[in-house]
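Spelled out from the first residue to the last, the chains are:
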Amino acid sequence: MPSQSPLPFSRRSFLHLSAAAFGIVTEPMLAAMARGPVPEDAVMIDANENPLGPGQCAREAISAIIPQGGRYSVNLTDDLVHTFAQLEGLHPDYVQAFPGSSPPLRFAVVAFTSPQRSYVTGDPGFEAGMFAAQAAEARVVKVPLTQTYAHDVKAMLAAAPDGGLFYICSPNNPTGTLTPHSAVEYVVENKPQGSIVMVDEAYIHFSDAVSALDLVKAGKDVVVLRTFSKVYGMAGLRCGFAIARPDLLDKIRGRAGWNFMPVTAVAAASASLKDPLLVPERKRINAAIRQETFEWLDRNGYSYIPSQSNCFLLDTKRPGKQVIDAMAQQNVFIGRVWPIRPTCVRITVGTHEEMERFQAAFQKVMRGRTAFWLQPASLVRGPHRHAVLVT
Ligand SMILES: Cc1ncc(COP(=O)(O)O)c(C=O)c1O
């Protein structure tokens, strides 16, 4: 039986509503926009979720906190913030918890961009901030990644002398590629006055990337985002952090209003942080399944961008949307297409079994004589670089 769309509105109505009307735009919304109804036994590798779910320690903490669910329990959030701050060597005033990192992403963009101060991002890049910038009526400046798929920080600075917020996602969504710490430092040192650099570290635990938290500690104009949605497997529980100088956090909080964290998420997050084995174990599992998948793609002659994350871009050499639709017919839901790379689709690394089903379906789709073979050649473009795009 097809299940209903997870969105409280149809795909068509979504497309007709403005970003401003929606407020916070999230990965599950973007993933759901790109697909139709989903059968119950489908393989869902389209939203960069973690199929492992919360760790055992987090599950136990959730059960234990249920009796306290009738209270707001602000102190639990304070404990979580202190635990994180201590682990990272930060002052707790530099850490603000939110229900996921999508809210602070949205609030920061709205706080630091405007019709006079543009939003500057890599392309392909995570779209949520672009929607927020549109709501702030800011110019969105999309700058193609470098040939090694890092953010092209010099081009980003050159493209936006009016930049208000420079967004660097490392590992990047959708490519899973890293931007070196030295490049982040370069933007921080050379950006226009009054702007900030936002470093989105949603996927950092899957990678060997160097965090930008040292720049926060050094008092720079940097906001780091972290989330429990990825390696910690808590996307449905909602917990994340903005980490920045208190004056920058005040500006973000100014757009956020005063809300409370779900106690289940806070308890699970605290327990997860205190388990030293959780992150390395999950990093290892993700890397092993990703590697198996890459080896299979290599053996079968498919092209992809090597990634350090739980997602990667797969070049189908055909219009990506048609491959997505053909895969959905096989009950495997893969991620969306970015306009700058129309033949690429984003694949989330699922479980070993899910990736086997992905491989079987992908082989069938790519070898089958389906409609997309007949597309005009103009739609089938290979990897290319665009000039700086301003929307
Ligand atoms: C790059 C990036 N940042 C932030 C988020 C926000 O995640 P959440 O709101 O679940 O913390 C996501 C979700 O996929 C993401 O891909």
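On to a nonpolar patch on the surface, then. A surface patch of nonpolar side chains, amounting to about 510 Å² of accessible area, comprises Tyr 72, Val 74, Trp 258 and Phe 260. Checked against the element boundaries, Tyr 72 lands in the loop between helix 4 (56-65) and helix 5 (74-88).

Attention now moves to the confidence of the model for the chain. Note: predicted coordinates in regions of low pLDDT should not be interpreted at a detailed level. Summary statistics for the chain give a mean pLDDT of 90 and a share of 88% for residues scoring 70 or more. Counting contacts from residues 1-19, a segment whose pLDDT is below 50, to residues more than four positions away or on other chains yields 29 contacts.

Relative to each other, helix 13 (residues 278-299) and helix 15 (residues 352-367) sit at 20°, their axes nearing to 10 Å. As far as their axial angle goes, helix 15 and helix 13 are roughly parallel. Remark: the crossing between helix 13 and helix 15 carries right-handed chirality. Across from Ile 289, Glu 292, Thr 293 and Trp 296 in helix 13, the residues of helix 15 making contact are His 352, Met 355, Phe 358, Gln 359, Phe 362 and Gln 363.

Going through the model one piece at a time under the given rule, you end up with 2 cavities of 30 Å³ or more. Size it by volume and the largest cavity reaches roughly 110 Å³. Along the walls of the largest cavity sit 13 residues, with Asn 50, Pro 51, Leu 52, Asn 286 and Val 349 positioned nearest its centre. Tallied by class, the residues present in the lining of the largest cavity amount to 6 nonpolar, 5 polar and 2 charged. Counted as a void, the second largest cavity has a volume near 60 Å³. Considered class by class, the residues forming the lining of the second largest cavity number 6 nonpolar, 4 polar and 1 charged.

Judged by side-chain charge, Glu 292, Glu 295, Asp 298, Glu 353 and Glu 356 come together as a negatively charged surface patch. For the negative patch, the elements supplying multiple residues, two or more each, are helix 13 and helix 15. In terms of residues, the negative patch owes the most to one element, helix 13, which gives 3 residues. Along the chain, the position of Glu 356 falls in helix 15. The exposure class assigned to Glu 356 is partly exposed, which follows from its relative accessible area of 43%.

What counts, and where the lines are drawn
- All residue numbers refer to positions counted from 1 along the written sequence of the respective chain.
- Local features in a predicted model are, by the rule used here, given only for residues with pLDDT of at least 70; side-chain atom pairs are given and counted only at 80 or more, and totals for whole chains, interfaces and linings are based on all residues.
- Think of the side-chain values as coming from all heavy atoms in the structure, minus any hydrogens and water.
- Exposure above 30% relative accessible area and no salt bridge define the residues that can form patches, which grow by joining like charges within 9 Å and nonpolar side chains of Val, Leu, Ile, Met, Phe, Trp and Tyr within 5 Å.
- Here the Shrake-Rupley method, with its probe set to 1.4 Å, supplies the accessible areas, and only the displayed protein chains count as covering residues.
- By salt bridge we mean one thing: a side-chain nitrogen of Lys or Arg within 4 Å of a carboxyl oxygen of Asp or Glu.
- Every helix listed is a DSSP run of H or I at least four residues long, and every strand listed is a run of E at least two residues long, numbered separately from the N terminus.
- For every residue, the predictor reports its confidence as pLDDT, a number between 0 and 100.
- Two residues form a contact once any of their heavy atoms are found within 4.5 Å.
- With axes taken as lines fitted to C-alpha atoms, and helix axes fitted only over the stretch in contact, angles between N-to-C directions fall between 0 and 180 degrees.
- Roughly parallel means an angle under 35 degrees; roughly antiparallel means over 145; roughly perpendicular covers 65 to 115; every other angle is labelled oblique.
- Less than a right angle of anticlockwise turn of the near helix away from the far helix marks a crossing as left-handed, whereas a clockwise turn marks it as right-handed.
- Using a 1 Å grid laid over the protein atoms alone, points where a 1.4 Å probe fits but cannot get out form a cavity; open sets with protein on both sides within 12 Å along at least 5 of 7 lines form a pocket; any residue with an atom within 4 Å of a point counts as lining.
- Grid points are joined across faces, edges and corners, and a volume is the space filled by probe spheres set on the points.
- For this scheme, ten residues count as nonpolar: Ala, Val, Leu, Ile, Met, Phe, Trp, Tyr, Cys and Pro. Four count as charged, namely Asp, Glu, Lys and Arg, and the remainder, Gly too, count as polar.
- Asp and Glu are treated as the negative residues and Lys and Arg as the positive ones, with His and the ends of the chain left uncounted.
- All charge positions are set by atom: Lys at NZ, Arg at CZ, Asp at CG, Glu at CD.
- Burial classification: accessible surface area is computed with a 1.4 Å probe over protein chains only, and a residue below 20% of its type maximum counts as buried, one above 50% as exposed, and the rest as partly exposed.

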